[in-house]
Each structure stands twice: as structure tokens, then as C-alpha cells.
Amino acid sequence: MSIQFRPQIKDLVAYKPGKPIEDVKREYGLKEVVKLASNENPLGSSPKVKEAILRALDELNFYPDGNSTDLKKAIADKLGIKPTQVLPSSGSDEMVDQISKTFVNEGDEVIIANVTFPRYLSTAVMMGGTPVIVPLKDFTYDLEAMKASITAKTKLIWLCNPNNPTGTMFTEGALLAFLDNIPTNVVVVYDEAYREYVTREDYLHDSIKLLDKYPNVIIMRTLSKAYGLAALRVGYTMASEEIINEINKIRGPFNVTSLSQVAAIAALEDTEFLKKSYEVNKEGKLYLYKAFDEMGISYAPSETNHIFFDAKRDAQEVFVELQKKGMIVRPIFSTYVRVSIGTMEQNQRFIELLKTVL
Ligand SMILES: Cc1ncc(COP(=O)(O)O)c(C=O)c1O
């Protein structure tokens, strides 16, 4: 008799993250490597984070506060909601997993865009859900088509705004019209991982107001992007107390480390750092747009810290050629490549190398 794995995970493939810089240095014997592959913050993180972590280093022998009490309070106070409406997690990655575990049963339909954050799909499949895949329209979420895909079996809808990997967004008006017209028993997860980078005014900048109006909405945020804490794995989710209570039952008892909790509190306080991240990103985006225009490269309009462009050549090939020269980007599919926006120096280097490759 052989051991038996759950059939739901049979065809899943392990998540393939962006290649680490050290791996590429070793593989190609390079001294200088730039990674613009994982939408990380090129400015690092707030100096206040380092101070907070240094202070916490003397207490590594203690388990973290399993309730993340101070962090919940800091978030709730900042946003004018109750701490019981907030749930910190080990990155929003963990929360994608927990949400699927909380809601998705065998045979439940889960509506997901065809080009979006891949964990929505793999966690739905993992739970035995039936993914209903809705194509993007002009590289943007097609909310009308998503609404039309709802059936009596629909349990969950994943929205990523702005979207990874295409960088595009939908407006506040479009979102509210969507939420107003879907059954209230369908749970909508609104993933705002890149919200801090959005420049357009017609975006829903104040998503907190959704919480009162739509008890079926879950909002996910992360400190991995604009706050620059990807290494610490910390994000937070907001929803009704009822939803938060249920998700809370299935999370690991100490899912956010002590260092991550104090770091997140310090990061959330440093609005100066956030502003700088936004400005550098905006400037970098305009530089890359101009360079792409000059090279005749088409791209999707981005409201994030990455740009999705058509290399007009096999994306995997472009990725390998750039990597050999010390530039790591992300091939998405076909001829489409995603590049994270770096410092001006990194952006210039990327364009220089892209020109030699194309
Ligand atoms: C849309 C989106 N959601 C969630 C995540 C997960 O972020 P983290 O687990 O670092 O918080 C990412 C990371 O790239 C993302 O792009």
C-alpha cells in the first residue's frame, strides 16, 4: 500500500518566486546583479523599522503576541475601525490561503481573473473548489464579465486592484456598481497590495468605507510593497467581525513574528518613507514609459510598482538573456514580461540591457 495524497493537490505546482540575486551571481559568475522581478521596494524600508527591530532583538526567547494586539490597535486607530475588524498575517500570501480554507468547499465556484495573482487559483484548487476563470479586457479586470459569471454555486470572487502582473486598475465607480449588484452571500476579496502606488484620483483610495456598506467584502493589504517589509512577511486583512472571527479560528497561533509586529507598527507610522516610495516609483514609471515609447514597446498603463510590457519576443528567452547580463525580470506568458520599477539608476540599467537584448 502506498501513501495517498489529497487528489486536489495532485496537479498543483509549487510557487516559483523571482530568482534570488545570489543565485544569479553564482550561476553566471556576475559581480553586479539587479533584481526587478518581485515588485520589491528599491528604497529598502523606513529607518524607524530598523530601530524597532533592534529593540525587539533582546526578546527572541519569547513567543510573539499571538493576537498581534498592538499592531491591530495601531491599524484600527489609524483607519478608524475596531481592532476586532483587523487580522494581521504572515504576508497577504498567508491570508489568501486562510480565506480559501475558510470559505471554499468541494464544488464551490471561485471567480478569478485569467491573469492575476496566482495564489488565488492554487488555493481554490487546493480546497477542491471549481475555478471560474474570467479573461481580462484590455489587460484590466472585466467586472461586468465577472458579475455575469456568478451562479448559485459561486462562493468567492477575487479582485486585485490594481492588478498584479498587469498593473492596471478599475475605478471606484466600477467597483461600487459591481458590489451593489451581486448577491450578498458571495464573498468578495479585495486585494489592495499595490494601493499605495496608485496615482489616479478615480481609484477607491478610502476602501475602509466598504466595510460598513458591504458585510461580504474582505480587504487585504500588505507591508511587502510600498512599506518595503517583504522579508518580514506581514500584511493585514479587514472585514466584518464575523468574518474575522471565523478566519481567526484556523490561523496558526503565532502567525506574525514579534519582529514583524513591531516593524509593521513602525513602518505604518513613517508616512515620509511612504511618500518617498510613491514619488520615486512615479518618476521611475514615467522614465520607463518614455523609454518604452521610444523603443516602440507597448505596455499596460500601470498604477503599481511594476510594468507589464510586450517584448514582441518569447518572454522566457528575454528573461534568460537579461539574466545573463545581470538583470532579473519576470516572464509572464507568451511575449509579456513584467518589470518592477527600481531606482532611477536601476531603471536606466534595465533599459540599456533591454536594448541590447531586443
Ligand atoms: C496582488 C498580490 N497579493 C498578495 C501578494 C502577497 O504579498 P505578501 O505575501 O508579500 O504580503 C502579492 C505579492 O506579490 C501580490 O502581488
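Residues numbered from 1 in each chain as written. Predicted model: local features only at pLDDT ≥ 70, side-chain atom pairs only at ≥ 80, totals over all residues. Heavy atoms only, no water.

Caption draft 1: Spatial organisation of the sheet that holds strand β12 (residues 336–340). Read across the open sheet, the three strands follow the order β9-β12-β11; overall the sheet is antiparallel. At either end of the open sheet lies a strand with only one pairing partner, and these are β9 (306–310) and β11 (330–333). Here the strands of the sheet are splayed against their neighbours by 30° on average, with no regard to which way each runs. Of the strand pairs in this sheet, β9 and β12 are connected by five bridges, and their pairing is antiparallel. (Pairing = 2+ DSSP bridges. Helix = DSSP H or I, 4+ residues; strand = E, 2+ residues; numbered from the N terminus. Axes fitted to C-alpha atoms, helices over the stretch in contact; angles between N-to-C directions.)

Caption draft 2: Up close: the nonpolar core. Residues Ile99, Tyr141, Met146, Ile157, Trp158 and Leu159 are the most contacted members of the largest nonpolar core, which totals 82 residues. With seven residues, the top contributor of residues to this core is helix α10 (residues 258–269). For Trp158, the contacting residues outside a window of four places in its chain are Val96, Ile99, Ser100, Val110, Ile111, Ile112, Tyr120, Tyr141, Met146, Val189 and Met220. Among the nonpolar cores identified, the runner-up in size contains 28 residues, and Val24, Ala37, Ile297 and Val318 belong to it. (Core = buried A, V, L, I, M, F, W, Y, C linked by side-chain atoms within 4.5 Å. Buried < 20%, exposed > 50% of the residue type's maximum accessible area, 1.4 Å probe, protein only. Contact = heavy atoms within 4.5 Å.)

Caption draft 3: Broad picture of the domain arrangement of the protein. Once the domains are mapped, the protein shows domain 1 (7–44 + 272–357) and domain 2 (48–269). Domain 1 and domain 2 are separated by 24 Å when their C-alpha centres are compared. Residue-level contacts link 27 residues of domain 1 with 29 residues of domain 2. Between domain 1 and domain 2 lies a buried interface of about 2,300 Å² when both sides are counted; carbon and sulfur atoms form 63% of it. For the pair domain 1 and domain 2, the interface holds zero salt bridges. Taken together, domain 1 and domain 2 are joined by 11 residue pairs in polar contact (both at pLDDT 80 or more). For the side of domain 1 that touches domain 2, the elements supplying multiple residues, two or more each, are α11 (271–295), β9, β11 and β12. Top element by residues in the side of domain 1 that touches domain 2 is α11. It accounts for seven residues. Its residues assigned to classes, the side of domain 1 that touches domain 2 comprises 12 nonpolar, 11 polar and four charged. (Domains from an automatic or database assignment. Buried area = accessible area lost by both parts, 1.4 Å probe. Salt bridge = Lys/Arg side-chain N within 4 Å of Asp/Glu carboxyl O. Polar contact = N/O pair within 3.5 Å; in protein donor to acceptor, adjacent residues only side chain to side chain. Nonpolar A, V, L, I, M, F, W, Y, C, P; charged D, E, K, R; others polar.)

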